Amino acid sequence: MSVRAAAWWFVAPALLVIAIFFVLPVLAALALSLTDFDLYALADPSNLRLVGFQNYTRLLTTPLFWQALGNTLYFVVAGVPFSIAVSFGAALLLHSRLARFRAFYRTALFAPVVTTLVAVAVIWRYLFDTRYGWLNYALGSIGVTPIDWLGDPHWAMPAIIVFAVWKSFGYNMIILIAGLQSIPAELYEAARIDGASPWRQFRHVTLPWLSPIVAMVSILTVAGYFQLFAEPYVMTQGGPLQSTVSVLYFMYEEGFKWWNLGSASAVAFLLFVLIFAVTAVQLRVARWQSAA
Amino acid sequence: MPGLAGLIVNGLLLGMAAVSLFPLVWMLAVSFMAPGEASVFPPPLFPAHPTLDNYRQLFAQGGMARYLVNSVVLTTAVTVVSLTVNVAAGYAFAKLAFAARDRIFKLLLGALVIPAQVAMVPLFLLLKHLGLVNSYGGVIVPAAASIFGIFLVRQYALAIPNDLLEAARIDGASELRIFGSVVVPVLKPIIVTLAVFTLLGTWNDFMWPLIVLSDQELYTLPVALASLSREHVQDHELMMAGSVITTLPVLVVFLVLQRSYMEGLMAGSVKG
């Protein structure tokens with residue numbers, strides 16, 4: 001058998017799986033979002049009708065969809081900078097020459113990343129408990145009156161953000177540490193010879209070197225945070241007063257609870273377009289920054 | 001001054017490590033408490049009389065053994081199948097010439113921006129049509145190849161010297177033999193890394209198993225735990241034991257294989 005023929009045997013299984021179980025469904029999602037596919041069509045496909053953009057226009061007049069979009073944006077806009085700031089701080093601390101037991105700390109700070117999201121969400125639900133939770137107990141010791149974290153519509157999303165940051169900051173921390181380690185020592189050497197203070201070294205050596213890595217990390221984190229689902233599913237079931245319904249949570253209920261599969265596909269597509277647009281803007285900004 | 005700075009750096013690290021680990025340690029402690037013991041103020045740290053009753057109850061009445069088996073079987077199957085498929089494809093994209101290779105690879109990379117959730121509704125209908133909804137196959141088949149896995153292997157395989165492959169070909173070895181006895185040993189580090197990524201990702205996955213496995217007999221641990229925690233909101237101790245069973249296996253795998261996991265993460269991010 002020629003190398004060429006053999007090559008096809010090596011890639012064929014992967015390409016077939018991706019084509020049939022990913023590319024085809026993505027294209028079908030677009031088609032499906034233009035139909036009224038529901039429980040009746042699930043039972044008998046002849047009930048299926050093309051409805052054009054009706055799913056989209058109906059979604060855009062559904063208050064809960066807007067609320068889900070707003071909640072998700074809140075989660076992204078507040079959660080991503082918070083998360084990256086914590087990752088960055090942790091990376092700087094771990095990279096510091098003064099840090100001891102680095103291997104231990106690195107593993108400890110990374111551990112939440114590999115835990116099972118559902119399991120740790122269950123733990124945090126109890127940590128957030130109004131009466132018996134550790135968080136209110138700790139805050140109480142400095143005089144804060146108990147907060148109904150997951151039961152108050154104003155606090156539920158901040159609580160989920162705190163949890164999400166705890167769960168995920170270690171991932172970006174590792175990438176930023178790799179970035180810090182890749183900075184040539186000569187750059188700091190030269191800055192020191194020029195008499196630059198540690199702060200100026202940080203400002204003029206560390207930050208410019210890391211900015212492309214921070215840009216990449218932000219783009220990936222934003223795309224990831226837009227896919228909020230399991231946290232509200234386990235911790236709040238979208239409540240209270242739908243303050244933690246995310247776009248994906250809305251899609252899940254629309255599709256797999258009410259079986260409005262046409263409408264759920266439209267939600268998925270809108271989310272994709274939104275993520276794509278935000279990513280494109282971020283790439284623009286990153287490129288403009290690196291050119292400046 | 002250096003003494004003070006060192007104190008601040010190490011103090012902050014200690015504080016962050018405490019916040020990172022406390023929920024996990026507390027989970028373990030509460031899982032050994034008697035029913036109701038954790039629901040007092042101030043919240044207790046250690047069980048007064050450590051007991052395995054919560055674990056016993058989960059396995060005897062909660063069907064935990066069944067969920068554990070489901071998670072182990074599915075994670076093993078997905079890891080083995082997808083490693084085979086992705087390593088073969090990643091190697092071919094790096095080292096074997098075939099028509100439109102680079103164009104196909106670029107298309108695959110472009111598809112990386114599409115979130116998996118976009119495909120979920122039609123994928124569900126497709127698998128229903130194929131009779132795979134409510135079966136292990138519904139989880140395994142769509143996960144059998146991953147663009148990210150192919151990409152990771154390809155980046156690593158680009159460094160394999162062509163001479164090595166040519167020498168084997170001149171010796172008359174078949175392409176399959178070259179793959180098995182030359183390529184796979186060279187790729188071993190990236191195979192281990194990808195195996196750990198896949199294993200952790202599959203074990204922890206929630207949304208897709210929740211959708212495709214509606215029969216309770218087939219639940220994986222995360223799906224079962226989410227459903228149990230909706231039923232048993234007040235049973236802190238029982239739920240903590242469930243969380244331990246769900247997340248301890250992956251934490252142990254990570255601690256054992258963390259070197260290859262971290263190195264893979266760093267290599268993939270900075271070079272890629």
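Residues numbered from 1 in each chain as written. Chains lettered and ligands numbered in written order. Predicted model: local features only at pLDDT ≥ 70, side-chain atom pairs only at ≥ 80, totals over all residues.

## Comments concerning the interface of chain A and chain B
In step 1: Taken together, the contacts link 72 residues of chain A with 74 residues of chain B.
In step 2: Broken down by element, the residue count for the side of chain A that touches chain B peaks at 19 residues, all from helix α1 (residues 3-32) of chain A.
In step 3: Grouping the constituent residues of the side of chain A that touches chain B by class yields 58 nonpolar, 11 polar and 3 charged. (Contact = placed C-beta atoms within 7 Å. Helix = DSSP H or I, 4+ residues; strand = E, 2+ residues; numbered from the N terminus. Nonpolar A, V, L, I, M, F, W, Y, C, P; charged D, E, K, R; others polar.)

## Describing helix α12 (residues 247-257) of chain A
In step 1: With 8 of 11 residues buried, α12(A) is to be regarded as a mostly interior element.
In step 2: If you check which residues of α12(A) are buried, you get A:Val247, A:Leu248, A:Tyr249, A:Phe250, A:Met251, A:Tyr252, A:Glu254 and A:Gly255.
In step 3: Those residues of α12(A) that are buried lie in contact with α4 (63-95), α11 (230-235) and α13 (261-291) of chain A together with α5 (117-129) of chain B.
In step 4: Just downstream of α12(A), A:Trp259 is the residue with a positive phi angle, here 60 degrees. (Buried ≥ 20, exposed ≤ 12 C-beta atoms within 10 Å, placed from the backbone.)

## What about the nonpolar core?
In step 1: A:Val118, A:Ala121, A:Ala268, B:Ala89, B:Tyr91 and B:Val153 are the most contacted members of the largest nonpolar core, which totals 166 residues.
In step 2: Counting residues per element, this core draws most heavily on helix α8 (residues 156-181) of chain A, at 16 residues.
In step 3: Leave out the neighbours within four places in its chain, and B:Val153 touches B:Asn86, B:Val87, B:Gly90, B:Tyr91, B:Leu187, B:Ile190 and B:Leu194. (Core = buried A, V, L, I, M, F, W, Y, C linked by C-beta atoms within 7 Å.)

## Some remarks on the environment of A:Leu270
In step 1: Here A:Leu270 is to be found in helix α13.
In step 2: Spatially, the C-alpha atom of A:Leu270 lies 9.9 Å from that of A:Leu59, the residues being 211 residues apart in sequence.

## Focus: unusual backbone geometry
In step 1: Going from A:Gly239 to A:Pro240, the amide bond is cis rather than trans, its omega being -15 degrees.
In step 2: Mapped onto the elements of the fold, A:Pro240 is located in the loop between α11 and α12.
In step 3: With an omega dihedral of -5 degrees, the bond running from B:Phe41 to B:Pro42 counts as a cis peptide bond.
In step 4: Unusually for a residue other than glycine, A:Gln242 sits at a positive phi of about 60 degrees.
In step 5: Its location among the elements puts A:Gln242 in the loop between α11 and α12.
In step 6: A:Gln242 gets classed as partly exposed once you count the C-beta atoms within 10 Å, which come to 19.

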